[in-house]
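Here is what each chain is made of, one letter per residue.
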Amino acid sequence: MNKSAIILICVIAATATAYAQDEKDLNKTIVVEKEFVPVEIKAVKPVAQPKEAPVTTEKVQLRFSDRTLPAQFEPHAVVQSPIAYPDESLAKFRRRGYLDFAMGNYLNIVGSAGYRIIDKEKTSLGVWLQHNSTAADLINDSKIGEGAPYSDPEKQNIIDDRLGVDFNSKLRRGIIDASLGYHFSKFNYFAAIDNATDDDKEKQGVNDFRMALGWRNLDDAVTRYRLGAEFNYFGFDYGNLKSDNLDGLSEIDFRLKAAISQVFGDRSYAGVDAAFQLVGLDNIATGEPQLDSETFGMVSLTPNYEKRTDNMRLRIGARVDISFNNGSTFRIAPDVKFDYAFSDVVSLAVDATGGNTINTVHNVFARNRYMAPSVQLPTTYTLIDATAAIRLGLIKGFSISPFVGFAATRHSIVPTMPFSPTTGQISYADIDLNGLKVGVELGYRYGSLVDFSAKYAFTPQDEDSGYVVDDNRAEHNFDATVNVRPISKLNIGIGYRLRALRTVSSVNGTEDGGAVYSSKLLSNISNLNLSASYQINDLVSLFCHANNLLNREYEFYDGIPAQKFNILGGVGLTF
């Protein structure tokens, strides 16, 4: 099917994805719990494929929705969890499909649709679509009056469509998982100087195709194994040198994964994880007016031993990376995790991991569509990324978890300055970073009425050092959400995000092989949002989401402004 046909399907369908829940639940069957859940879009360090952020980011559980969301698109898509209720008493709530649609100011439009075509106890086949678009006037006349270089500012135009199919089947000897996904995006580099040429007004196009197949035996087996393969094609329509009509960079990312473990005695396990990754780039724009291609890859082996008891879990392992045509050939890093519950109210968690991460173009684009589109990114090596946390639950429903961590990396990629007003694109610097983080997590739940969570992390930054939580490189990172359900049909959510003292750096080489660093601070991100949903009946719900209630002006990246106050309202259907 050609690109035009795919786009037409996405537009007619009015859109947008069924977000499956956590990766471990990716292929369960579908019922929609009708709650509007705002998605805070942020760069995180996944603990599993397919998406990799820089290796020094916070470690959180990867959700399928993280993979399917555009990373720097301000409107929040409506998130549904397509799951099945296993309890027969809940069968009347079962739904096979859903459709949600919302519009707001800045001509923001989001929508999602999904349907479970096959819905059997051991086999499921579902299809989903997602649409996001905007036409936002973010560069106003006052910026021009202040001496900004925008001669004729353009609106931020984005069209982002995704189509996916997921299959899962439980057989007598194991479970098979398969998925297909296509992502099409069309957008402009709206922050660039308008040179009044057709080339500069042309919108960038992206085609992103993914397919994956996996097999795993049943969890009750003494010898457990899993196998998987993944293929991802990503391509830009054009590269940095637009005026020369050069083809854009294309990337092929192929991966094989396998793991085997053996049970010994009472909850002891020994095994090895293995992975192979091959990346091919074509149409790389070099420093000269020519194109280049490159192929590189890596083999990873992680032998490990794990022991579990009623109050303890210990994993001891080491990751060995063997690279070819990709920097240092041999790397080794720890893979250690330890959890211990001293009592019902006090527990300790420690982990220390590391290893190589190939920074693929499609992963970086997932969080920053305005990246320079014709570059080869370095492979990041994490010597160690360690965190220790204590969890205290002294009061019913309330928990507090102070933590401290440290990371040392080589060839980390971070957004660099200066912003290029000629192209409207963001480049990434290759910097060795060491950094510390200190913080605390809070949580409180009062039945089904109130659910509160908050996290603060202090990550001091310098020109050439710091623990990178995300691309912002902020020293103060705070996130809080509270959900209140005063009546069964109404849910109200309030969220706040702060990123303060955000550092952006640049690095230039010297004649003696050294480096000269410079940096500056970006404006703080202070984002307050409010959401509400009301379930009219079993079929229909209404929802609304208001973002940036404080109407603050800030930049996602140096030179890339964000939307000010914006609101979305819409309707959801389940059937």
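Residues numbered from 1 in each chain as written. Predicted model: local features only at pLDDT ≥ 70, side-chain atom pairs only at ≥ 80, totals over all residues. Heavy atoms only, no water.

**Re the overall build of the chain**
The line we're drawing: Helix and strand labels come from DSSP, where a helix needs a run of H or I of at least four residues and a strand needs a run of E of at least two; each type is numbered from the N terminus. A simple rule labels every residue: compare its accessible area, found with a 1.4 Å probe on the protein chains alone, to the largest value its type can have, and call it buried under 20%, exposed over 50%, or partly exposed in between. Two residues qualify as a contact provided that any one of their heavy atoms is within 4.5 Å of a heavy atom in the partner residue. Throughout, the Shrake-Rupley method with a 1.4 Å probe supplies accessible areas, and for residues the shown protein chains are the sole cover considered.
The secondary structure content of the chain amounts to five helices and 29 strands. Scored against the burial criterion, the 575 residues of the chain give a buried share of 46%. At a minimum sequence separation of 6, the contacts of the chain that also span at least 24 residues come to 64%. Of the roughly 25900 Å² of accessible surface on the chain, a fraction of 60% belongs to carbon and sulfur atoms.

**Here's the deal with a negative patch on the surface**
Put simply, the rule is: Patch rule: a residue counts if its relative accessible area is over 30% and it has no salt bridge; like charges are joined within 9 Å, and nonpolar side chains (Val, Leu, Ile, Met, Phe, Trp, Tyr) within 5 Å. We define a salt bridge as a side-chain nitrogen of Lys or Arg found within 4 Å of a carboxyl oxygen belonging to Asp or Glu. Residues counted as positive are Lys and Arg, residues counted as negative are Asp and Glu, and His and the chain ends are not counted. In plain terms, the charge of a residue is placed at NZ if it is Lys, CZ if Arg, CG if Asp and CD if Glu.
There is a patch of like negative charges on the surface, built from D430, D432, D462 and D464. Assignment of secondary structure puts D464 in the loop between β20 (461-462) and β21 (465-466). D464 gets classed as partly exposed once you look at its relative accessible area, which sits at 35%.

**With respect to a nonpolar patch on the surface**
Side chains of L99, Y115, I117, I487, Y534, I536, L542, V571, L573 and F575 sit close together on the surface and give an oily, nonpolar patch of about 820 Å² of accessible area. Listed by contribution, the elements that provide at least two residues to the nonpolar patch are β4 (109-119) and β29 (566-574). You can see V571 is positioned in strand β29.

**Topic: the pairing of strand β9 (residues 223-236)**
Our working rule: Whether two strands pair comes down to DSSP finding at least two bridges between them.
Direction of pairing for strand β8 (residues 204-217) relative to β9: antiparallel, over a ladder of 11 bridges. Among the inter-strand pairings, G214 is bridged to a residue of β9, identified as G228. Taken together, the 13 bridges between β9 and strand β10 (residues 250-264) define a ladder with antiparallel strand orientation. Residue pairing across strands places Y225 opposite I260, the latter belonging to β10.

**Some words on the packing of aromatic side chains**
Test applied: When the centres of two rings from Phe, Tyr and Trp lie within 6.5 Å, Trp using its six-membered ring, the rings pair. Their planes under 30 degrees apart give stacked, over 60 give edge-to-face, and anything left gives tilted.
Scanning the model with the defined rule gives 13 aromatic pairs in all. Here F187 and Y189 contribute two aromatic rings whose centre-to-centre distance is 5.4 Å and whose plane-to-plane angle is 75 degrees, an arrangement assigned as edge-to-face. On the basis of relative accessible area, Y189 is assigned to the buried category, the value being 4%. Members of the aromatic cluster, each reached through a chain of ring pairs, are F187, Y189, F190, F234, F236, F365 and Y370.

**Points about the environment of S412**
Summarising the element assignment, S412 is placed in strand β17 (residues 398-415). Separated by 55 residues in the primary sequence, S412 and T357 place their C-alpha atoms 9.6 Å from one another.

**Here's the deal with the side chain of T379**
We count it as follows: Polar contacts, as used here, are pairs of N or O atoms within 3.5 Å; protein pairs need one atom able to donate a hydrogen and one able to accept it. Residues neighboring in sequence count only if both atoms are side-chain atoms.
Among the structural elements, T379 can be located in strand β16 (residues 379-395). A polar atom in the side chain of T379 sits 2.9 Å from the side chain of N326. Apart from the residues within four sequence positions on either side, T379 is in contact with N326, N356, T357, I358, N359, R410 and H411.

**Remarks on the confidence of the model for the chain**
Worth spelling out the cut-off: Every residue gets a pLDDT, meaning the predictor's confidence in that residue, from 0 to 100.
Here the chain averages 80 in pLDDT, and 77% of its residues register 70 or above. Note on residues 1-92: pLDDT is under 50 here. Beyond four places in sequence and across chains, it has 294 contacts. Within the model, pLDDT remains below 50 along residues 195-200, and this stretch shows seven contacts once partners closer than five positions in the same chain are excluded.

**A closer look at the pattern of salt bridges**
Using the criterion set out here, one finds 23 salt bridges in the structure. In this structure, D470 and R497 form a salt bridge, with 3.4 Å as the shortest nitrogen-oxygen distance. In this pair, D470 sits in the loop between β21 and β22 (474-487) while R497 sits in strand β23 (residues 490-509), placing the two residues 27 residues apart along the sequence. Considered together, D470 and R497 belong to a single accessibility category, that of buried residues. Close ionic contact of R497 with D479 constitutes a salt bridge, the shortest N to O distance being 4.0 Å. Of this pair, R497 sits in strand β23 while D479 sits in strand β22, and the two are 18 residues apart along the sequence. In this pair, the class of R497 matches that of D479, namely buried. The network of salt bridges with common partners includes D273, R315, D335 and K337.

**A look at the pairing of strand β11 (residues 268-285)**
The side chains of a regular strand alternate between both faces of the sheet. Two elements, β10 and β11, share 15 bridges in a ladder whose sense is antiparallel. Bridge pairing in β11 places L256 opposite F276. Counted between consecutive antiparallel strands, the loop separating β10 from β11 contains three residues, among which G265 sits at a positive phi close to 60 degrees.

**Brief notes about the environment of F365**
Structurally, the position occupied by F365 is in helix α5 (residues 361-365). On the accessibility criterion, F365 (5% relative accessible area) is buried. Residues F365 and V206, spaced 159 residues apart in sequence, show a C-alpha to C-alpha distance of 9.8 Å. Those residues within four positions of F365 in sequence are excluded, and the remaining contacts are H183, S185, F187, V206, F234, F236 and M371.

**A look at unusual backbone geometry**
Despite not being glycine, R267 shows a phi value in the positive range, around 60 degrees. Looking at the secondary structure, you find R267 in the loop between β10 and β11. For R267, a relative accessible area of 32% gives the class partly exposed. With a phi angle near 65 degrees, H411 is a residue other than glycine that sits in the positive phi range.

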